[in-house]
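Summary of the model geometry
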Amino acid sequence: MYEIKNAINGKLVSSNSDRKSQIFNPATGEQIGILPLSTDDEINAAVANAKAAQPAWGNLPPAKRARIMFKFLQLLNDNIDELARHISNEHGKTHEDALGECARGIEVVEFACGIPQMLKGEFSRNVGPAIDTFADRQPLGVVAGITPFNFPSMVPMWMYPMAIACGNAFILKPSERDPSASMFCFELFKQAGLPDGIFNIVHGDKSAVDCLLDHPDIKAISFVGSTPIAQYVYERGTKAGKRVQALGGAKNHMIIMPDADLDAAANALMGAGFGSAGERCMAISVAVPVGEETANKLVAKLKPMVEALKIGPANDETTEMGPLITKMHQEKVLNYIDQGEKAGAELVVDGRGFALQGYENGYFVGGTLFDNVKEDMSIYRDEIFGPVLSVVRKNSFEDALDLIHGHEYANGTAIFTRDGDAARAFADRVEVGMVGINVPIPVPVAYHSFGGWKSSSFGGHGIYGPEAVHFYTRLKTITTRWPTGVKEGAVFTFPS
Ligand code: NAD
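Fair warning: this is a prediction, and the values are worked out from it, not measured in the lab.

Parameters and conventions
- Residues numbered from 1 in each chain as written.
- Predicted model: local features only at pLDDT ≥ 70, side-chain atom pairs only at ≥ 80, totals over all residues.
- Heavy atoms only, no water.
- Phe/Tyr/Trp six-rings, centres within 6.5 Å; stacked < 30°, edge-to-face > 60°.
- Helix = DSSP H or I, 4+ residues; strand = E, 2+ residues; numbered from the N terminus.
- Buried < 20%, exposed > 50% of the residue type's maximum accessible area, 1.4 Å probe, protein only.
- Expected span 1.5 Å × (residues − 1).
- Arc of directions from axis to C-beta.
- Contact = heavy atoms within 4.5 Å.
- Near = heavy atom within 4 Å.
- Polar contact = N/O pair within 3.5 Å; in protein donor to acceptor, adjacent residues only side chain to side chain.
- Areas by Shrake-Rupley, 256 points an atom, 1.4 Å probe, with all protein chains shown as cover.
- Salt bridge = Lys/Arg side-chain N within 4 Å of Asp/Glu carboxyl O.
- Pairing = 2+ DSSP bridges.

A full pass over the atoms with the stated rule returns 15 aromatic pairs. Between the aromatic rings of Phe149 and Phe385, the centroid separation amounts to 5.9 Å while the plane-to-plane angle is 90 degrees, which identifies the pairing as edge-to-face. Of this pair, Phe149 sits in the loop between β8 (142-146) and α6 (154-165) while Phe385 is found in the loop between α13 (378-381) and β17 (388-391), placing the two residues 236 residues apart along the sequence. Phe385 matches Phe149 in its accessibility class, with the two residues each being buried. Every member of this aromatic cluster is reached through a ring pair, and the members are Phe72, Tyr160, Phe170, Phe186, Phe189 and Phe199.

For the α-helix, the turn length of 3.6 residues means that residues three or four positions removed from each other point alike. Given a rise of 1.5 Å per residue, 13 residues ought to cover 18 Å, and the 18 Å separating the end C-alpha atoms of helix α9 (residues 227-239) matches this to within 8%. Buried within α9 we find Thr227, Ala230, Val233 and Gly237. The arc enclosing the buried residues of α9, seen along the axis, measures out at 120 degrees, which places them on a common side. The exposed set on the far side of α9, more than 90 degrees from its buried face, consists of Pro228 and Lys239. One or two steps after α9, the chain reaches Gly241, where phi turns positive at roughly 85 degrees.

With that settled, consider the environment of Tyr447. Its location among the elements puts Tyr447 in the loop between β20 (434-437) and β21 (453-454). A relative accessible area of 56% places Tyr447 in the exposed class. Discounting residues that sit within four places of it in the chain, Tyr447 has contacts with Phe111, Gly465 and Pro466.

Surrounding the ligand, one finds 27 residues, the nearest of these being Lys173, Glu176, Ser226, Gly248 and Glu383. At 2.8 Å, a backbone N or O of Thr147 approaches an oxygen atom of the ligand. Here an oxygen atom of the ligand sits 2.6 Å away from a polar atom, N or O, in the side chain of Glu383. For the ligand, the protein covers 86% of the area, taking 850 Å² as the surface of the free molecule.

So, on to the pattern of salt bridges. Counting across every chain of the model gives 24 salt bridges. Across the pair Lys301 and Asp263 runs a salt bridge, and its minimum N-O distance is 2.9 Å. Here Lys301 is found in helix α11 (residues 292-307), whereas its partner Asp263 is found in helix α10 (residues 262-274), with 38 residues between them in sequence. On the accessibility criterion, Asp263 (46% relative accessible area) is partly exposed. Of the charged contacts, one joins Lys310 and Asp316 as a salt bridge, the two residues approaching to 3.5 Å between their closest N and O atoms.

The subject of this paragraph is the sheet that holds strand β5 (residues 30-36). A sheet is described by the order of its strands in space; here three strands give the open sequence β1-β5-β4, paired in mixed fashion. With partners counted over all chains shown, the strands left at the sheet margins are β1 (2-3) and β4 (20-25), one partner each. Bridging between β1 and β5 involves two bridges; their strand directions are parallel. Bridge pairing in β5 links Tyr2 to Gly33.

Given below as structure tokens:
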């Protein structure tokens, strides 16, 4: 059994806290590690070290910071298999899926390598007599990130590479469930030559988060997690005077139009609904076929596919879907299936009672398909975050759009159609942050930015991409007069 340490000022430090959290292998249910729930003193020490280290880093020419990012990028690519193994071990997702997550995180590091170009600023010559104006984006100082369990490597990488490339020092508080991927990245970043104190990792729960939210030397907070906590982090962090971006939960709908390629739509629903056991904020959890005939055909295609899902541990190469993250979460998902059945939804494939020889204590739930789900049912309203796909039948495109608009979440959505008019109307009108047209999981590439609308995001800033440069820097605009010899008396009117 391993013990996770904090990473403070370039060193791994054992915590003195008597509060600990356990780390489990979700495929077997056995405890594999222990994680400290750090004390306020330990977190304050990390912030103080980061604050001391940041000015030199922020003053380094951006091209020199970029060179360290390039080395980090190389090390990540050289060690991607090991990084993926850390993820699968603690999270349970398959090796291929973990590799995909790593690749999407590494993309952000690639983007961060171009930081000199992104920090170039603006310059206007002769805005007045011998007067020039230039606008510059400067780092904030020390910033922090708080991340969820479901992408233990990628979501932290949505944050720290851009924050650090912009010249900030970063404190990461990863999920208690699967911290090892980020600890491995810390080692690689150090090997790449990152100065001590610029990337720090502290472990903990609510108390650590509160300490970061209230700390006067932390200037900005990036949060990704469930909506109630996102809202809490946003409110407490902004009250403490910080810049906060807080991305929350989701319930993503996919409309299937009568003219869609139904085989493509069914395949897309399988991957987007059951990949990573449905534990993705961009998972499709609601299929909305338009018209009874579309719905009947779609459900007939999906039923045998869901029944045939290959469920197992991450280290079995034939596994398509792994376990859920914890026993508690497994019980929560099973409870939702009970609720859906009681509420009168048609249980087409029942994932309860799934068992795998040799893995009886793993947190597995079988793929589950509900048809004729109604808007007032908890399986429709709540984010289940498990392998449960609900079919809500609608009779027209307008009704399907209204359904999406009636939901509190608005992270991602998709439409499958061959009709350009319907696709364009959907893209124009749907009130959701990320939209796929015949693309089930439209997670933007690293040189765009990621973010939902409504209860899926608080703070208005997208994460990574160009919006990250704005989030992790502040604008300074300087107006200069050279030469100084321009003759002017005292001027009492506003400069024009
Ligand atoms: P979570 O909200 O339970 O935890 C997220 C982080 O908040 C963790 O670091 C955790 O330690 C901390 N935390 C937990 N309870 C807290 C409290 N009471 N006060 C302060 N901090 C607290 O989320 P999770 O279960 O780890 O992750 C799953 C959730 O994350 C899902 O809702 C999913 O949709 C969401 N998510 C959203 C996105 C997105 O981009 N919108 C991406 C990934 C995951």
